[in-house]
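Okay, here's what each chain looks like letter by letter:
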Amino acid sequence: MPRHTPLDELKWVHSMVRRDLDVCRELAASVADGASADDVRAGIESLQTNGPLVHLRDDAVMFPAIRQARPDLAPTIDRLEADHRLVSDLLDEVEAAAGDLDDTAGRRRLVDAFTELAEHLTEHLDFEETALAPALEAWTIWSGARRGAVEQQRPLALVAGE
Ligand SMILES: [Fe+2]
């Protein structure tokens, strides 16, 4: 069975987020090209219900586990958590901007929101993978064990060692 680390899992989740960002860029282009408000809102709704972008809003599992296992990475986690708050704000801005697509200014606001979200999130995903790789590569657990760690509020490293 191939070795599967939390880093693999993070990269897998990130690959879905990157796919969603491609959809965001396509939506931004369609907004600028005059797509109907209903079509744009349906596209945004699909992104929200599919998960990966929303998933970023409440990552309350991995960061606490890393803080506990690797106190030296606290400044990195601080930055990543601030990134997640900004992403959450940018998602709120996308939703707010999508509520008014009646004129050019409204459409411009949504294009800008999508663009800022895509730029920030792309940078964040790259940084997160690089910065957390040393910690996550050292852990050898499966995703099922990770969910167990969530329920029992134990650091991933302890689960890995059992
Ligand atoms: Fe993240």
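Keep in mind it's a predicted model, so treat the numbers as computed, not measured. (Residues numbered from 1 in each chain as written. Predicted model: local features only at pLDDT ≥ 70, side-chain atom pairs only at ≥ 80, totals over all residues.)

A.B. asks: Which parts of the structure should I look at to understand the overall build of the protein?
C.D. replies: A tally of regular secondary structure across the protein gives eight helices and zero strands. Scanning the protein from its N terminus toward the C terminus, one meets helices and strands in the order α-α-α-α-α-α-α-α. By the burial criterion, 22% of the 162 residues in the protein qualify as buried. (Helix = DSSP H or I, 4+ residues; strand = E, 2+ residues; numbered from the N terminus. Buried ≥ 20, exposed ≤ 12 C-beta atoms within 10 Å, placed from the backbone.)

A.B. asks: Please explain the nonpolar core as it appears in this structure.
C.D. replies: Within soluble globular proteins, side chains that are nonpolar generally end up buried alongside one another. Within the largest apolar cluster, 19 residues are counted, with the highest numbers of intra-cluster contacts made by C24, L27, V94, L110, A113, F114 and L117. Elements with a contribution of two residues or more to this core: α1 (6-32), α5 (74-98) and α6 (104-137). Element by element, the count of residues in this core is highest for α6, at six residues. Membership of the second largest hydrophobic core comes to seven residues, among which are M62, I66, L132 and L136. (Core = buried A, V, L, I, M, F, W, Y, C linked by C-beta atoms within 7 Å.)

A.B. asks: Teacher, can you tell me more about the environment of H84 here?
C.D. replies: One can find H84 in helix α5. Spatially, the C-alpha atoms of H84 and H124 are 8.6 Å apart, while their sequence positions differ by 40 residues.

A.B. asks: Mind showing me how you'd approach the environment of L27 here?
C.D. replies: Take L27: it is sitting in helix α1. When sequence neighbours within four positions are dropped, the list of residues in contact with L27 reads V40, G43, I44 and F114. (Contact = placed C-beta atoms within 7 Å.)

A.B. asks: Sorry if this is basic, but what is going on with α5 here?
C.D. replies: In an α-helix there are 3.6 residues to a turn, and that puts residues three or four apart on one side. Between its first and last C-alpha, α5 extends 36 Å over 25 residues, near the 36 Å set by a 1.5 Å rise per residue. Every buried residue of α5 is listed here: L80, L90, L91, V94, A97 and A98. (Expected span 1.5 Å × (residues − 1).)

A.B. asks: What is the right way to read the packing of α5 against α6 from this model?
C.D. replies: In a pair of packed helices, the angle between the axes and the distance between the axes together describe the arrangement. It is the contact of α5 with α6, at a shortest axis distance of 9 Å, that shows an interaxial angle of 160°. The angle between α5 and α6 places the two elements in the roughly antiparallel class. With respect to the hand of their crossing, α5 and α6 are arranged in left-handed fashion. Every residue of α6 that contacts α5 at T76, L80, D83, L86, V87, L90, L91, E93, V94, A97 and A98 is listed here: G106, R109, L110, A113, F114, E116, L117, H120, L121, H124, E128 and A131. (Axes fitted to C-alpha atoms, helices over the stretch in contact; angles between N-to-C directions. Parallel < 35°, antiparallel > 145°, perpendicular 65-115°, else oblique. Left-handed = near helix turned anticlockwise from the far one by under 90°.)

From the geometry alone we can't say anything about function, so treat these as descriptive.
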